[in-house]
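Here is how the chains run, residue by residue.
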Amino acid sequence: MPADALSRVFSALADPTRRDIVARLADGDATVNELAEPYDVTIQAVSKHLKGLEHAGLVTRSRDAQRRPVHLEAEVFDLMTKWIERYRRQAEERYQRLDALLEKMPDHPKPKTTKPKKGLRK
């Protein structure tokens, strides 16, 4: 498993089931049983997915009497957003430089089009 936090997050989110779990937790906390309902897998399989998300820091589990809700840790998304935004800005700057360069270039001459000659009518 990659050592740095960002790599752990992206690694955890590489799995579509984990991404779906994260999307569902964005609506609110849920128990393992609630999270397992739509999947055709065992509770243990969902627990394993949750452990991967926990290891990445994306979710935490707490205890509320008999209930053990899973909570989405939104702060982790700040780390991802900052990383993505950095590269988005760099790409945007490259496009702006390209646009500026293209604006300075003279227009290419347009090819002349010739109209087909019409036949003589008798």
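Up top is the structure these notes are about.
Remember, it's a predicted structure, so these values are computed and weren't measured experimentally. (Residues numbered from 1 in each chain as written. Predicted model: local features only at pLDDT ≥ 70, side-chain atom pairs only at ≥ 80, totals over all residues. Heavy atoms only, no water.)

(A) Spotlight on the overall build of the protein. For the protein, the count of helices and strands is 5 helices and 2 strands. Listed by position from the N terminus, the elements making up the protein come as α-α-α-α-β-β-α. A fraction of 50% describes how many contacts in the protein between residues 6 or more apart in sequence connect residues 24 or more apart. Taken as a whole, the protein presents about 9900 Å² of accessible surface, with 54% of it coming from carbon and sulfur. (Helix = DSSP H or I, 4+ residues; strand = E, 2+ residues; numbered from the N terminus. Contact = heavy atoms within 4.5 Å. Areas by Shrake-Rupley, 256 points an atom, 1.4 Å probe, with all protein chains shown as cover.)

(B) Representation of the nonpolar core. If you look at the biggest cluster of nonpolar residues, it comprises 22 residues, and the most contacted ones within it are Ile21, Leu25, Leu35, Val46, Leu50, Leu53 and Leu58. For this core, the secondary-structure elements that each account for two or more residues are α1 (5-12), α2 (16-25), α3 (32-36), α4 (43-55), β2 (70-72) and α5 (75-104). (Core = buried A, V, L, I, M, F, W, Y, C linked by side-chain atoms within 4.5 Å. Buried < 20%, exposed > 50% of the residue type's maximum accessible area, 1.4 Å probe, protein only.)

(C) Fine view of the side chain of Arg18. Relative to the helices and strands, Arg18 is located in helix α2. Put simply, Arg18 is tucked away with no salt bridge, and the nearest opposite charge, on Asp15, sits 5.0 Å away. For Arg18, the residues in contact, after removing those within four places along its chain, are Ser11, Ala12, Lys48, His49, Gly52 and Leu53. (Lys, Arg positive; Asp, Glu negative; His and termini not counted. Salt bridge = Lys/Arg side-chain N within 4 Å of Asp/Glu carboxyl O.)

(D) Representation of a negative patch on the surface within the structure. A grouping of Glu92, Glu93, Asp99 and Glu103 is seen on the molecular surface, where their side chains present a negatively charged patch. Position of Glu93 among the secondary structure elements: in helix α5. (Patch = residues over 30% accessible without salt bridge, like charges linked within 9 Å, V, L, I, M, F, W, Y side chains within 5 Å. Charge placed at Lys NZ, Arg CZ, Asp CG, Glu CD.)

(E) Fine view of the environment of Ala23. Within the secondary structure, Ala23 is located in helix α2. Residue Ala23 is classed as partly exposed on the basis of its relative accessible area, which comes to 43%.

(F) Here's a closer look at a nonpolar patch on the surface. A cluster of nonpolar side chains, namely Tyr95, Leu98, Leu101, Leu102 and Met105, defines an oily patch on the protein surface of about 500 Å² accessible area. By secondary structure assignment, the location of Leu98 is in helix α5.

(G) Highlighting α1. Restricting attention to buried positions, one finds in α1 the residues Leu6, Val9 and Ala12. All buried residues of α1 fall inside an arc of 130° around its axis, so they share one side. For α1, the elements touching its buried residues are α2, α4 and α5. (Arc of directions from axis to C-beta.)

(H) Region of interest: the packing of α1 against α5. Between α1 and α5, the shortest axis-to-axis distance is 10 Å and the interhelical angle comes to 100°. In terms of orientation, α1 and α5 fall into the roughly perpendicular class. For the pair α1 and α5, the contacting residues are Ala5, Leu6, Val9 and Phe10 in the first and Val76, Leu79, Met80, Trp83 and Ile84 in the second. (Axes fitted to C-alpha atoms, helices over the stretch in contact; angles between N-to-C directions. Parallel < 35°, antiparallel > 145°, perpendicular 65-115°, else oblique.)

(I) Here's a closer look at the pattern of salt bridges. In the structure shown here, the tally under the stated rule is 4 salt bridges. Put simply, Arg67 and Glu34 hold a salt bridge, and the shortest N to O gap is 3.4 Å. Residue Arg67 is found in the loop between β1 (59-61) and β2, and its partner Glu34 is found in helix α3; the two are separated by 33 residues along the sequence. The class of Arg67 is partly exposed, set by a relative accessible area of 32%. Across the salt bridge formed by Arg61 and Glu54, the nearest N and O atoms sit 3.3 Å from each other. On the basis of relative accessible area, Glu54 is assigned to the partly exposed category, the value being 31%. Three or more residues joined by partner-sharing salt bridges are found here, namely Glu85, Arg88 and Arg89.

Treat this as a map of the structure, not an account of what it does.
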